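# An overview of the molecular structure
Next come the chains, spelled out residue by residue.
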Number of protein chains: 2
Amino acid sequence: MIHETAVSTVASASREIRDFILSQPELLARQSYKWHLYPAGVIAACVADMDFRVAPEVQSVIQYGLEKSDYVYPLRDGRRADRAVAAAFAARMKHGFNWDVDPAQVLVVADLVQATYASILAFSEPGDGVVLQVPNYPPFREALEVTGRQLIPLEMEWTDEGYVFDLEKLEDRVDERTKLFILCNPQNPTGRVFTRAELERVAAFAERHDLIVVSDEIHSDLIHPGATHLPFATLSPAAASRAITLNSASKSFNIAGLRCGLVHFGTEALMQRFHARIPIRLTGSVNNVGIDATVAAWTDGQAWLDAVRVHLLTMRDYVAGILRDEIPEIRFHVPEATYLLWMDCSDLNLDGSASSFFLKQARIGFSAGETFHPDAMNFARMNFATSRPILNEILERMITAVRSLRR
Amino acid sequence: MIHETAVSTVASASREIRDFILSQPELLARQSYKWHLYPAGVIAACVADMDFRVAPEVQSVIQYGLEKSDYVYPLRDGRRADRAVAAAFAARMKHGFNWDVDPAQVLVVADLVQATYASILAFSEPGDGVVLQVPNYPPFREALEVTGRQLIPLEMEWTDEGYVFDLEKLEDRVDERTKLFILCNPQNPTGRVFTRAELERVAAFAERHDLIVVSDEIHSDLIHPGATHLPFATLSPAAASRAITLNSASKSFNIAGLRCGLVHFGTEALMQRFHARIPIRLTGSVNNVGIDATVAAWTDGQAWLDAVRVHLLTMRDYVAGILRDEIPEIRFHVPEATYLLWMDCSDLNLDGSASSFFLKQARIGFSAGETFHPDAMNFARMNFATSRPILNEILERMITAVRSLRR
């Protein structure tokens, strides 16, 4: 439903847009990983944050805390402060999906990579198998390596209609030592938003093989018109009974550095199994600023988010149109969600990796395909959550670099 | 050496004091646990934070981040942001104690309770024994209960000269299943700062029984004149080889809610043993604001800290003098560090616990003795890190309540 709201607020959004987009000097004044990763002159289009200011509602709560020096042990609404995040998430899920979340089944954590490690350690043993959609967000693969779990890859396969996955190909690869299914929905890097039918196939597969489903839904607030997000845990009580949902305001509200995310357990029994291995204090307390920013974002930040989504949609279609016209060798599917474009550059017949080509020849820093999949060196991931001038510069540099190849 | 600096800056400190002390209305405007735990009208003197503003240098970095909306994935000085905390800690330890800390052996975490759980899980098994000085910071005891470790209590014993501990009494209680020694230095709640001789006895005991020493030194910046802090890991290479040091700017700079602390491993081998059980990403990423505040505090906050310490010393001696004159039934040792007074109210011959007496009869919220030790219901812990007017009110209410007993 969220995308309809967005479309209906284009008028007010266009006013807002001027306010949140940062210029390149402003971007360089931030101590961001994205804009300081490469030598001067390289345009950063990699790390998944946005070249935008945060919502005014988020700024306000941070300003309030600063004025009061309110950095001591916190209460919020008379309760442990992290409960405010759980309550705001529950209210948001009720409103967006008519999903009744019990805040008592929400664990607030610093980040979702932490949550992924914790889930892997809680629900499997070294040597156990974990299904992961590939290409994948790189820390997922790293988590399996570090914890000694076996990666069972579920390929996202190119079709003319979009990326799909085929669970039947996994039937022979999973056994009683396969314990988890890491679902990323919307999927990073392909931008797929899975349909109810696809998710039901995942649920049936998980049921058949008795798998816990860790559903990373961090991009679920960045859905473009035409797609609808469905939280995995809402599919059925059976699905919920094996669902660990990960979410955060960090991507959609551009506050990844404030480190506040959450784990929702589909049942109390799942939560108890988790805490038998991972004591509640082991994952650490979440900071006041992250808590307040998250609550403000989810509770009062919708107008800002709607305006951002209108801008992202415009940029997505702009990039797609230019690339199709000017560099048809680059194959891609327009993402159904996220501000990330997964570009297959195989037809450019490059000598090295796609990302190193664009870094050297175009002075653009894309995320390297091979960090998402060892076989994907011909791929690069573009982050288009920026201003139109910066995007124009990226596209012009790409076109020039590719032209030099054709000569 | 730090206390001499403090004494020498009394003049400039007295100017600063006006700036950092908050009035009761300002305190109530903060969403703090401390001031909202009790019904209106109760004076809070419990939770270990200070009724002060944060240092101007800390405010400045938070203000900078706010102006730039710098809440995206961070770099600091071209490195992963948490490395700035490790570097600031190393510089501070070198300056304060001529201790050469390798920043590579520093893990930045959200809080020291998390660090304690992680250390217990990394270096022991369920059923193993852990030595803990009692009375103790309540989460330590809880950590042993939650993780199923055996508490081996080392009593802090009253003598006329101060609280002491006798390791010989433990010789029969430890065995090959005893794995850890949780040292809290300066000790909470007694305020003891252990001497070199005492620490060397701990080190020899740990060596003899092959124990890992988890040394919580969070109050080490709040030492009063006459005492000298000695980091456990600096005693000897042998001590360092079994030392896990926990520290944070959170107590001394009043930023507990910003959730930034650290674990220092005395050797690389210790760090590897830790990470074999606790992957680095399991403890989570630390937020930008906490990182920047900690670095600013440790690097540029000394003048503020010196001024705060002068005020705390004045308040400590003021409280001690009034209590000795007016309520001699309350026995205590003046704390050598911290802003916490551990009051033995046994001679008041109360019916219930000391904290409930003062809550009901004086409308003061002290920390309950029994949360520090099951046998300590006659004790209460006072937090005197507040303004003189609030402290006067606390003392007057205490005197009135005790007078009513004498009638």
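What you see as residue numbers is a count from 1 along each chain, following the sequence as written. Following the order in which they are written, the chains are lettered starting with A and the ligands numbered starting with 1. It should be noted that, the model being predicted, local features are given only for residues of pLDDT at least 70 and side-chain atom pairs only at 80 or more, the latter also being counted only at that level, while totals for whole chains, interfaces and linings use all residues. To get the side-chain values, take all heavy atoms of the structure and skip hydrogens and water.

### Looking at the overall build of chain A
Counting from the N terminus, the helices are the DSSP runs of H or I reaching at least four residues and the strands are the DSSP runs of E reaching at least two. The number of helices and strands found in chain A is 15 helices and 15 strands. The globule rule is 2.2 Å times the number of residues to the power 0.38, and the radius of gyration it is compared with is taken over C-alpha atoms. Here the C-alpha radius of gyration of chain A, 21 Å, is about what a compact globule of 407 residues would show, namely 22 Å. Seen through its C-alpha atoms, chain A measures out along the principal axes to roughly 65 × 60 × 40 Å. Buried means the residue's accessible area, taken with a 1.4 Å probe over protein chains only, is under 20% of the maximum for its type, while exposed means over 50%, and partly exposed covers the values in between. When the 407 residues of chain A are sorted by exposure, 62% land in the buried category. In this analysis, two residues are considered to be in contact whenever any of their non-hydrogen atoms come within 4.5 Å of each other. Taking contacts inside chain A between residues at least 6 apart in sequence as the whole, the part at least 24 apart equals 73%. On chain A, the mean spot of the 40 positive side-chain charges and the mean spot of the 51 negative ones are 3 Å from each other. The sign given to each residue is positive for Lys and Arg and negative for Asp and Glu; His and the chain ends receive no count. Charge coordinates come from a single atom per side chain, which is NZ of Lys, CZ of Arg, CG of Asp or CD of Glu.

### Some details on the interface of chain B and chain A
Listed per partner, the contact involves 56 residues of chain B and 56 residues of chain A. Should a side-chain nitrogen of Lys or Arg be within 4 Å of a carboxyl oxygen of Asp or Glu, the pair is scored as a salt bridge. Between the two partners, chain B and chain A, sit two salt bridges. Across the pair Arg-281 of chain B and Asp-111 of chain A runs a salt bridge, and its minimum N-O distance is 3.7 Å. Whenever two N or O atoms come within 3.5 Å, that pair is a polar contact, provided that in protein one can donate a hydrogen and the other can accept it, and provided that, for residues adjacent in sequence, both atoms are side-chain atoms. Here chain B and chain A share 30 residue pairs in polar contact (both at pLDDT 80 or more) between them. Of all the elements in the fold, those that place two or more residues in the side of chain B that touches chain A are α4 (33–36), α5 (56–68), β2 (75–76), α7 (112–123), α8 (138–147) and α12 (288–300) of chain B.

### Some words on unusual backbone geometry
Residues other than glycine predominantly adopt negative phi, and peptide bonds predominantly adopt the trans conformation. Cis peptide bonds are those with omega within 30 degrees of zero, and the linkage from Val-134 of chain B to Pro-135 of chain B qualifies with -5°. With an omega of 20°, the peptide bond running from Asn-188 of chain B to Pro-189 of chain B counts as cis. Here Pro-189 of chain B lies in the loop between β9 (178–184) and α9 (196–209). Phi is positive for Asp-77 of chain A, which is not a glycine, with a value near 55°. Along the chain, the position of Asp-77 of chain A falls in the loop between β2 (75–76) and β3 (79–80). Positive phi outside glycine occurs at Asp-210 of chain A, with the angle close to 55°. Of note, Asp-210 of chain A is situated in the loop between α9 (196–209) and β10 (212–216). Under the relative-accessibility criterion, Asp-210 of chain A is labelled exposed at 54%.

### A look at the packing of helix α5 (residues 56–68) of chain A against α5 of chain B
For helices, the fitted axis covers only the stretch in contact; all axes are lines through C-alpha atoms, and the angles between them, taken along N-to-C directions, range from 0 to 180 degrees. Running from N to C, α5 of chain A and α5 of chain B point in directions that differ by 170°, and their axes come no closer than 11 Å. As summarised for this structure, α5 of chain A and α5 of chain B are arranged roughly antiparallel, according to the angle between their axes. The segment α5 of chain A lies against α5 of chain B, with Gln-59, Ile-62, Gln-63 and Leu-66 of chain A engaging Gln-59, Ile-62, Gln-63 and Leu-66 of chain B. Charged residues are taken to be Asp, Glu, Lys and Arg, nonpolar residues to be Ala, Val, Leu, Ile, Met, Phe, Trp, Tyr, Cys and Pro, and polar residues to be all remaining types, Gly included. Of the residues in the contact of α5 of chain A with α5 of chain B, the class split is four nonpolar, four polar and no charged. Orientation categories follow fixed angle ranges, with anything under 35 degrees roughly parallel, anything over 145 roughly antiparallel, 65 to 115 roughly perpendicular, and all other angles oblique.

### A word on the pattern of salt bridges
Pairing is possible between side chains that carry opposite charge, provided their charged atoms lie close to one another. All names here are of chain A. Counted according to the given criterion, the structure contains 46 salt bridges over all chains. Here Arg-208 ties to Glu-171 by a salt bridge, and the two come within 2.3 Å at their closest N and O atoms. Taken together, the residues Arg-208 in helix α9 and Glu-171 in the loop between β8 (162–164) and β9 (178–184) connect sequence positions 37 residues apart. Salt bridges sharing partners connect three or more residues here, namely Arg-80, Asp-82 and Arg-83.

### Quick word on the relation of the copies chain B and chain A
Rotating chain B by 180° and translating it 0.0 Å along the rotation axis places it on chain A, where the RMSD comes to 0.0 Å. What the rotation and shift describe, once combined, is the action of a two-fold rotation axis. Closest to the rotation axis within chain B is the C-alpha of Thr-283 of chain B, separated from it by 2.7 Å. Both copies present the same face, since 100% of the interface residues in chain B are matched by interface residues at the equivalent positions in chain A. A least-squares fit on C-alpha atoms brings the copies together, and the residues used are those whose pLDDT is at least 70 in both copies.

### Some thoughts on the sheet that holds strand β11 (residues 243–248) of chain B
All names here are of chain B. Only strands that DSSP links by at least two bridges are regarded as paired with each other. With respect to topology, seven strands assemble into an open sheet ordered β4-β12-β11-β10-β9-β5-β6, the strand pairing being mixed. Of all the strands in the sheet, just β4 (106–109) and β6 (150–155) have a single pairing partner and so form its edges. With strand direction ignored, the average angle separating the axes of adjacent strands in the sheet is 20°. Two strands pair when backbone bridges link them, and β9 and strand β10 (residues 212–216) are joined in this way by five bridges, in the parallel orientation.

### Quick look at the packing of aromatic side chains
Working definition: rings of Phe, Tyr and Trp (its six-membered ring) pair if their centres are within 6.5 Å, and the pair is stacked with planes under 30 degrees apart, edge-to-face with planes over 60 apart, and tilted otherwise. Within this structure, the stated rule accounts for 30 aromatic pairs over all chains. On the numbers, 5.3 Å between centres and 65° between planes, the contact of Trp-342 of chain B with Phe-372 of chain B is edge-to-face. Placement of Trp-342 of chain B in strand β13 (residues 340–344) and of Phe-372 of chain B in the loop between β14 (364–368) and β15 (379–383) is noted, with a sequence separation of 30 residues between them. Overall, Trp-342 of chain B belongs to the buried group, its relative accessible area being 2%. On the accessibility criterion, Phe-372 of chain B (2% relative accessible area) is buried. Geometrically, a lysine NZ or arginine CZ counts as sitting over a ring once it is within 6 Å of the ring centre and also within 35 degrees of the ring normal. Sitting over the face of the ring of Trp-158 of chain A, Arg-331 of chain A holds its NZ or CZ atom 4.5 Å from the ring centroid.

### A look at the confidence of the model for chain A
Residues and elements named next belong to chain A. This prediction gives chain A a mean pLDDT of 95; 96% of its residues lie at or above 70. The quantity known as pLDDT measures the predictor's confidence residue by residue, on a range of 0 to 100. Across residues 1–17 the pLDDT falls below 50, and counting only partners more than four positions away or on other chains, this stretch makes 23 contacts in the model. Both scores are available for the predicted complex, with the pTM at 0.95 and the ipTM at 0.95.

### Quick notes on the domain arrangement of chain A
All names here are of chain A. For each domain, the first and last residues come from an automatic or database assignment. Taken domain by domain, chain A comprises domain 1 (4–54 + 302–406) and domain 2 (60–300). Here the C-alpha centroids of domain 1 and domain 2 sit 25 Å apart. Across the boundary between the two partners, domain 1 contributes 30 residues, which contact 35 residues of domain 2. Note on terms: buried area is the combined drop in 1.4 Å-probe accessible area of two parts once they are placed together, counting the loss on both. Summing both sides of the interface, domain 1 and domain 2 together bury roughly 2,900 Å²; the carbon and sulfur share of this comes to 59%.

### Some thoughts on the side chain of Thr-116 of chain B
For Thr-116 of chain B, the position within the fold is in helix α7. Of note is the side chain of Thr-116 of chain B, whose polar atom sits 2.7 Å from the backbone oxygen of Leu-112 of chain B.

### Quick look at the nonpolar core
Nine residue types can take part in a nonpolar core, namely buried Ala, Val, Leu, Ile, Met, Phe, Trp, Tyr and Cys, and a core is a set of them joined through side-chain atoms within 4.5 Å. Of all hydrophobic cores here, the largest spans 224 residues; its most connected members are Met-382 and Met-398 of chain A together with Met-382 and Met-398 of chain B. Core analysis: the second largest hydrophobic core is formed by 64 residues, Leu-246 and Phe-265 of chain A together with Leu-121 and Phe-140 of chain B among them.

### Here's the deal with helix α7 (residues 112–123) of chain A
Helices are assigned an expected span. That span is 1.5 Å times one less than the residue count. Given a rise of 1.5 Å per residue, twelve residues ought to cover 16 Å, and the 16 Å separating the end C-alpha atoms of α7 of chain A matches this to within 8%. Of the residues that open α7 of chain A, the one with a side-chain oxygen 3.2 Å from the backbone nitrogen of Val-113 of chain A is Asp-111 of chain A.

### Quick look at the packing of α5 of chain A against helix α12 (residues 288–300) of chain A
Residue and element names in this part refer to chain A. Where α5 meets α12, the closest approach of the two axes is 8 Å, and the angle between their N-to-C directions is 145°. Crossing hand, α5 versus α12: right-handed. Across from Glu-57, Val-58, Val-61 and Ile-62 in α5, the residues of α12 making contact are Val-289, Asp-292, Ala-293, Ala-296, Ala-297 and Asp-300. Across the contact of α5 with α12, the residue classes break down as seven nonpolar, no polar and three charged. Crossings are classed by handedness, with left-handed meaning an anticlockwise turn of the near helix from the far one by less than a right angle and right-handed meaning a clockwise turn.

### Re the pairing of strand β4 (residues 106–109) of chain A
All names here are of chain A. Every second residue of β4 is oriented toward a common face, with Val-106 and Val-108 on one face and Leu-107 and Val-109 on the other, all of them buried. Two strands pair when backbone bridges link them, and β4 and strand β12 (residues 261–265) are joined in this way by four bridges, in the antiparallel orientation. Counted as the bridge partner of Val-108 is Leu-262 from β12.

### As for the sheet that holds β13 of chain B
Backbone-to-backbone hydrogen bonds pair the strands of a sheet. The strands run either parallel or antiparallel. Residue and element names in this part refer to chain B. Spatially, β1-β14-β15-β13 is the arrangement adopted by the four strands of the open sheet, whose pairing is mixed. Strands with a single pairing partner mark the edges of an open sheet, and in this sheet they are β1 (43–45) and β13. Neighbour to neighbour, the strand axes of the sheet diverge by 35° on average, direction disregarded. Here β1 runs beside β14; their pairing, made up of three bridges, is parallel.

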